[in-house]
Amino acid sequence: MPYLYAEKGINPFEYYKNYVATYLERDLAQIGAVQDLMRFENFMRLLAGRTGQLVNNSAIANETGVSSVTIGSWISILEASHLVYILKPWFTNRTSQVVKTPKIYFCDTGLASYLLGIEKQSQMQRDPILGNLFENLVITEALKARQNSGAEPNLHFFRNSKGLEADLILKKENKLRLFEIKSGKALNDEFTKNMDKFITLYSNHVDVEKTHGTVIYSGDDYSSYKNYAYANFHKTYELFRNDEKPYVLEF
C-alpha cells in the first residue's frame, strides 16, 4: 500500500485492519456480493494461510462451512477486487501427469500478513509461513514489473505428480525462463535441483542461452554459479520488466 510509505507514523497492522473492515462493511455490503460477511472474513484468513499453495475449494469449504461453489465465487470476487492473483500452471498438451490446479497469491503481502495475525517483524522471522510470504512478495513484484511495462504477465508455475516443481516460469517468445524462489541468504546447490530436472524433461522449451535459470533469494547477486544466476529479491522488478535486456542482471 503506497499510503503506508507516503505517510509517516502509520501502524501497518491498524491500517490493514481498517482496510479489511472498509472492504467488508462498505464495498462488499454495497454490491451485495456476499451475504455472510463474518464467514467471508474467516475465508480470507484461511486463504492467507494457503498463500503459494494449490487452490483447493473443497478443503476451504469444509473449514468455512459453505459450499465449494461459494468458495469459487468468493475467490473470483477477491480476484476482481485485485486482492488476490491466480497463478496458472504451465503444461504442454501432451503432459498428462502435470498438476493443472492454479496457485493463489495476495496482491499485497502486507494484507496477507495482517490476515495471518502477524503484527511485527520479529513474528515474521519465526513464522512457519515465512517462505510462502517471501514467495508471494516475489511473485507480485514480477507481476507488477510485467504489467507496468505494458507486457502480458505470461507467468506460470510447474508441478507434476512426482513432486517436481518450478516456482516461477516466464514464457517469452515460445521459450521458458526458470526461477526458483528461496528466502535463504546463502548459495545452495539444493536450490537449483528442480530446475535441473525440469530442463532434462523439457529442454526444447527452456531458454538456456544466458543462464540455466535464476534463484531469487535474500543473498548477494552472482551472475553465474554452476550455470545459474543468483539474484537478490530486490532485483525482481529488474528481472521481469519488459525492455531490451530484461532478464540479464548487470553486475
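The structure presented is a predicted model; accordingly, all values stated were derived computationally and were not measured.

Caption draft 1: Here's a closer look at the pattern of salt bridges. One pass over the full model with this rule turns up eleven salt bridges. In this structure, Asp27 engages Arg26 in a salt bridge whose closest nitrogen and oxygen atoms are separated by 3.0 Å. Note on Arg26: relative accessible area 45%, which makes it partly exposed. The shortest N-O distance in the salt bridge between Glu41 and Arg45 comes to 2.9 Å.

Caption draft 2: Spatial organisation of the packing of aromatic side chains. Tallying each qualifying case throughout the model produces 16 aromatic pairs. Note on Phe198 and Tyr202: the rings are 4.9 Å apart at their centroids and 40 degrees apart in plane angle, and the pair reads as tilted. Judged by relative accessible area, which is 11%, Tyr202 ranks as buried. Pairwise contacts between aromatic rings join Trp90, Phe158, Phe198 and Tyr202 into one cluster.

Caption draft 3: The side chain of Asn160, seen in detail. Mapped onto the elements of the fold, Asn160 is located in the loop between β3 (155-159) and β4 (165-172). A distance of 3.0 Å separates a polar side-chain atom of Asn160 from the backbone nitrogen of Lys162. Among the polar contacts listed, one links the side chain of Asn160 to the backbone nitrogen of Leu164, at a separation of 3.0 Å.

Caption draft 4: How the structure looks around the layout of surface pockets. Estimates place the volume of the largest pocket at around 1400 Å³. Tyr5, Asp108, Thr109, Gly110 and Leu137 are the residues nearest the centre of the largest pocket, which is lined by 39 residues in total. If you list the elements that add at least two residues to the lining of the largest pocket, you get α1 (2-6), α2 (12-31), α6 (109-115), α7 (121-126), α8 (130-148) and α10 (236-240). Of the residues contributing to the lining of the largest pocket, the split by class is 21 nonpolar, twelve polar and six charged.

Caption draft 5: Just the environment of Leu116, in detail. Mapping Leu116 onto the fold places it in the loop between α6 and α7. Remark: the alpha-carbon pair of Leu116 and Gln30, spanning 86 residues in sequence, is separated by 26 Å. Setting aside residues up to four positions removed in sequence, Leu116 forms contacts with Arg45, Ala48, Gly49, Ile129 and Leu133.

Caption draft 6: Looking closely at the environment of Leu37. Among the secondary structure elements, Leu37 is positioned in helix α3 (residues 37-48). With relative accessibility at 24%, the residue Leu37 sits in the partly exposed group. Along the primary structure Leu37 and Tyr19 are separated by 18 residues, whereas in three dimensions their C-alpha atoms are 14 Å apart. When neighbours within four sequence positions are excluded, Leu37 is seen to be in contact with Leu24, Leu28 and Ala29.

Caption draft 7: Inspection of the side chain of His156 at higher detail. Tracing the chain through its elements places His156 in strand β3. The class of His156 is buried, set by a relative accessible area of 18%. For His156, the side chain forms a polar contact with the main-chain oxygen of Lys88, separated by 3.3 Å. Residues in contact with His156, not counting those within four places in the same chain, are Leu87, Lys88, Pro89, Trp90, Asp167, Leu168, Ile169 and Lys171.

Caption draft 8: Focus on the pairing of strand β2 (residues 103-106). Side chains Lys103 and Tyr105 of β2 all project onto a buried face; the interleaved residues Ile104 and Phe106 project onto the opposite face, where all are buried too. When strand β1 (residues 84-89) meets β2, the two strands line up antiparallel, connected through four bridges. Within the sheet, the bridge partner assigned to Leu87 lies in β2 and is Lys103.

Scoring rules and cut-offs
Residues numbered from 1 in each chain as written. Predicted model: local features only at pLDDT ≥ 70, side-chain atom pairs only at ≥ 80, totals over all residues. Heavy atoms only, no water. Salt bridge = Lys/Arg side-chain N within 4 Å of Asp/Glu carboxyl O. Buried < 20%, exposed > 50% of the residue type's maximum accessible area, 1.4 Å probe, protein only. Phe/Tyr/Trp six-rings, centres within 6.5 Å; stacked < 30°, edge-to-face > 60°. Helix = DSSP H or I, 4+ residues; strand = E, 2+ residues; numbered from the N terminus. Polar contact = N/O pair within 3.5 Å; in protein donor to acceptor, adjacent residues only side chain to side chain. 1 Å grid on protein atoms, 1.4 Å probe; cavity = no way out; pocket = protein on both sides within 12 Å on 5 of 7 lines; lining within 4 Å. Points joined across faces, edges and corners; volume = space filled by probe spheres on them. Nonpolar A, V, L, I, M, F, W, Y, C, P; charged D, E, K, R; others polar. Contact = heavy atoms within 4.5 Å. Pairing = 2+ DSSP bridges.

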